[in-house]
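Working through the structure, step by step
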Amino acid sequence: MLKLFRITGKNIFWGIIIILIMSNSGIPSQKFSEIVRVDTRWIEFDYVSWTIDTIWRKAAQVSLGVQRYMDESQQERVVKDYFNLISQQRELKDTINTIYADPTIANPELMAAPYLADQRVVQQDLKHVGYLFEAIMQSQVSYTTSVSKLGYLQQPIPPVQYHTTSMPYALIVSPRNEIRQDADISLLPELTLDQIVELEKRVEERLDVSALVVQVGGVGVYPTMVMETSNLNWLAEVVSHEWIHNFLTLHPLGMLYNQTPELRTINETTASIAGKELGNLLIEFFYPALKPKPVVETEEITAMASEDNSPPIFDFRAEMRETRVTVDAMLAKGKIEEAEQYMEERRQIFVSNGYNIRRLNQAYFAFHGAYADQPGGAAGEDPVGEAVRTLRSQSDSLAEFVKRIAWVTSFERLQTILRN
């Protein structure tokens, strides 16, 4: 059953406040990044222009508040139309790309013309339906935060505001002798793969570092940026995840996002844990048919595979954890070249098992290792993520967990809370 949670127009005031603060999630720091930016200044994403443009559109959206006057069947229709348009857009894009890639087609421009015309129509329709869909999703996330007692006077602070957009890439830079994120610079979403590869190579050769350009699914500016998707479960989780970043920005943990690697991991792991819980709750409330089925335990799957003589199932998280732990040990002994060779060998194993990892290096672990909401994976044996997960298990509710950890100012402070 679809429900609506009202967000009054006056709450846009909080949006202006947040613009002045802005979450640190995904925004480059101003120290070592300035050295790296010699290679990126002309291809960096302009957050200021994007935010100003989006906040004006959101202000109009809130002031109209069309979604508040829609019944459940109308909301369901908007949701269905939105995802149908997403599917149409992807089909048209694939068709156009196929036409231009086919060497037997003498005049691809002529053949692709009607599909390009259809694509423009779909994009225009998607723009209008998309804003209405966003308003519905924002209302639903707001309701979920209220039910979870994360709001004040039944209102999320700041109000839930997100916009689907072409996501910027992120250039991640780590030292070669240890895994540590020293720079995170947002780049234009239009970059091609050859430009990305050239940039990584140039930064690495000039600074003797490990570099990797990654695609991100969301950025915690305000309104938050979210990648276009046809997966409603993923969308509910990511919109919730990025709102948690906005919430934390009003507290010490968010304000200190870039202060230390440990605080970044605490921040991202908290947002990942809370985002998943809020996202699952939203699906349960509004789209129960999409509620994920219970996951079969790994031991049960392994037992089933052994019984029918099937090959062992490749456990991505376990294999990635083993890789990270081994790399950390090598780097601790100063074996940098050996560690890099080992990572390339492991990358090829991941690819052969269906995980298309373009580059596996120190920067890869520096970025992905901060999302430690589950044991293992790219975080390896990092104790920070485990401490965050422990605090969640010790908390009676999601609200208690988030509101306690929001005031954490260091990893040592988090450890003290766990001991008390």
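Relevant structure appears above.
Below is a short write-up of the structure. Computed from a predicted structure; not experimentally measured.

Right, let's get into the overall build of the protein chain. What the protein chain contains, in helices and strands, is 16 helices and 6 strands. Across the 420 residues that make up the protein chain, the buried fraction comes to 48%. In the protein chain, of all internal contacts separated by at least 6 residues, the share reaching a separation of at least 24 is 76%. Roughly 20900 Å² of accessible area belongs to the protein chain as shown, and the carbon and sulfur atoms make up 55% of that amount.

On inspection of all chains with the given rule, the structure shows 24 salt bridges. We note a salt bridge from R206 to D39, for which the minimum N-O separation is 2.8 Å. Taken as a pair, R206 in helix α6 (residues 193–207) and D39 in the loop between α2 (32–36) and α3 (47–64) lie far apart in primary sequence, 167 residues in all. Looking at R206, the relative accessible area reads 36%, which means it is partly exposed. Given the relative accessible area of 13%, D39 is considered buried. Salt bridges here are not isolated pairs; linked through shared partners, they connect E34, R37, R41 and E44.

Okay, the packing of helix α4 (residues 72–101) against helix α5 (residues 108–147) next. Between α4 and α5, the shortest axis-to-axis distance is 8 Å and the interhelical angle comes to 150°. Classified by the angle between their axes, α4 and α5 sit roughly antiparallel to one another. Regarding α4 and α5, the two cross each other, and that crossing is left-handed. Classifying every residue of the contact of α4 with α5 by side-chain character gives 21 nonpolar, 8 polar and 5 charged.

With antiparallel pairing, 3 strands are arranged side by side in an open sheet as β3-β2-β4. Bordering the open sheet on either side are β3 (183–187) and β4 (210–215), each of which pairs with just one other strand. Ignoring strand direction, the axes of neighbouring strands in this sheet form an average angle of 20°. Here strand β2 (residues 169–174) pairs with β3 via 5 bridges, running antiparallel. Looking at the pairing, A170 lines up with S186 of β3. In this fold α6 packs onto β2, β3 and β4, with an angle of close to 155° to the strand it touches most, β4.

Looking now at the environment of L232. With respect to the element layout, L232 can be found in helix α7 (residues 232–249). Taking the C-alpha atoms as reference points, L232 and F83, separated by 149 residues in sequence, lie 8.9 Å from one another. Not counting chain neighbours up to four residues away, the residues in contact with L232 comprise F83, F133, M137, I283, Y287 and L290.

The description of an aromatic ring pair rests on the distance of the ring centres and on the angle between the ring planes. Throughout the structure, instances matching the rule amount to 15 aromatic pairs. Relative to F285, the ring of Y143 has its centre 5.7 Å away and its plane inclined at 75°; by these criteria the two rings are edge-to-face. Note that Y143 is positioned in helix α5 and F285 in helix α9 (residues 261–286), a separation of 142 residues in sequence. Judged by its relative accessible area of 21%, Y143 falls in the partly exposed class. Pairing Y364 with F365 gives two aromatic rings, centres 5.6 Å apart and planes at 85°, and the pair type is edge-to-face. By relative accessible area, F365 is classed as buried at 1%. Three or more aromatic residues link up through ring pairs in this structure, and these residues are Y143, F285, F286 and Y287. Here the basic side chain of K403 rests over the ring of Y152, its NZ or CZ set 5.6 Å away from the ring centre.

Below, the discussion takes up the nonpolar core. One finds F133, M137, I266, I405 and L414 to be the most contacted residues of the largest nonpolar core, which totals 53 residues. Taken together, the elements giving at least two residues each to this core come down to α4, α5, α7, α9, α14 (383–394), α15 (398–405) and α16 (411–419). In this view, I266 contacts L253, V384, V388, I405, V408, S410, F411 and L414; residues no more than four positions away in its chain are not counted.

Looking at the element boundaries, N84 is found in helix α4. We classify N84 as partly exposed; its relative accessible area is 37%. With 42 residues separating them in the primary sequence, N84 and L126 have C-alpha atoms 9.5 Å apart.

Moving on to the side chain of Q181. Turning to its location among the elements, Q181 is positioned in the loop between β2 and β3. Here R264 takes part through its side chain, which lies 3.0 Å from a polar atom of the side chain of Q181.

Each value, and the rule that gives it
- Residues numbered from 1 in each chain as written.
- Predicted model: local features only at pLDDT ≥ 70, side-chain atom pairs only at ≥ 80, totals over all residues.
- Heavy atoms only, no water.
- Helix = DSSP H or I, 4+ residues; strand = E, 2+ residues; numbered from the N terminus.
- Buried < 20%, exposed > 50% of the residue type's maximum accessible area, 1.4 Å probe, protein only.
- Contact = heavy atoms within 4.5 Å.
- Areas by Shrake-Rupley, 256 points an atom, 1.4 Å probe, with all protein chains shown as cover.
- Salt bridge = Lys/Arg side-chain N within 4 Å of Asp/Glu carboxyl O.
- Axes fitted to C-alpha atoms, helices over the stretch in contact; angles between N-to-C directions.
- Parallel < 35°, antiparallel > 145°, perpendicular 65-115°, else oblique.
- Left-handed = near helix turned anticlockwise from the far one by under 90°.
- Nonpolar A, V, L, I, M, F, W, Y, C, P; charged D, E, K, R; others polar.
- Pairing = 2+ DSSP bridges.
- Phe/Tyr/Trp six-rings, centres within 6.5 Å; stacked < 30°, edge-to-face > 60°.
- Lys NZ or Arg CZ within 6 Å of the ring centre and 35° of its normal.
- Core = buried A, V, L, I, M, F, W, Y, C linked by side-chain atoms within 4.5 Å.
- Polar contact = N/O pair within 3.5 Å; in protein donor to acceptor, adjacent residues only side chain to side chain.

The analysis is restricted to geometry; functional conclusions fall outside its scope.
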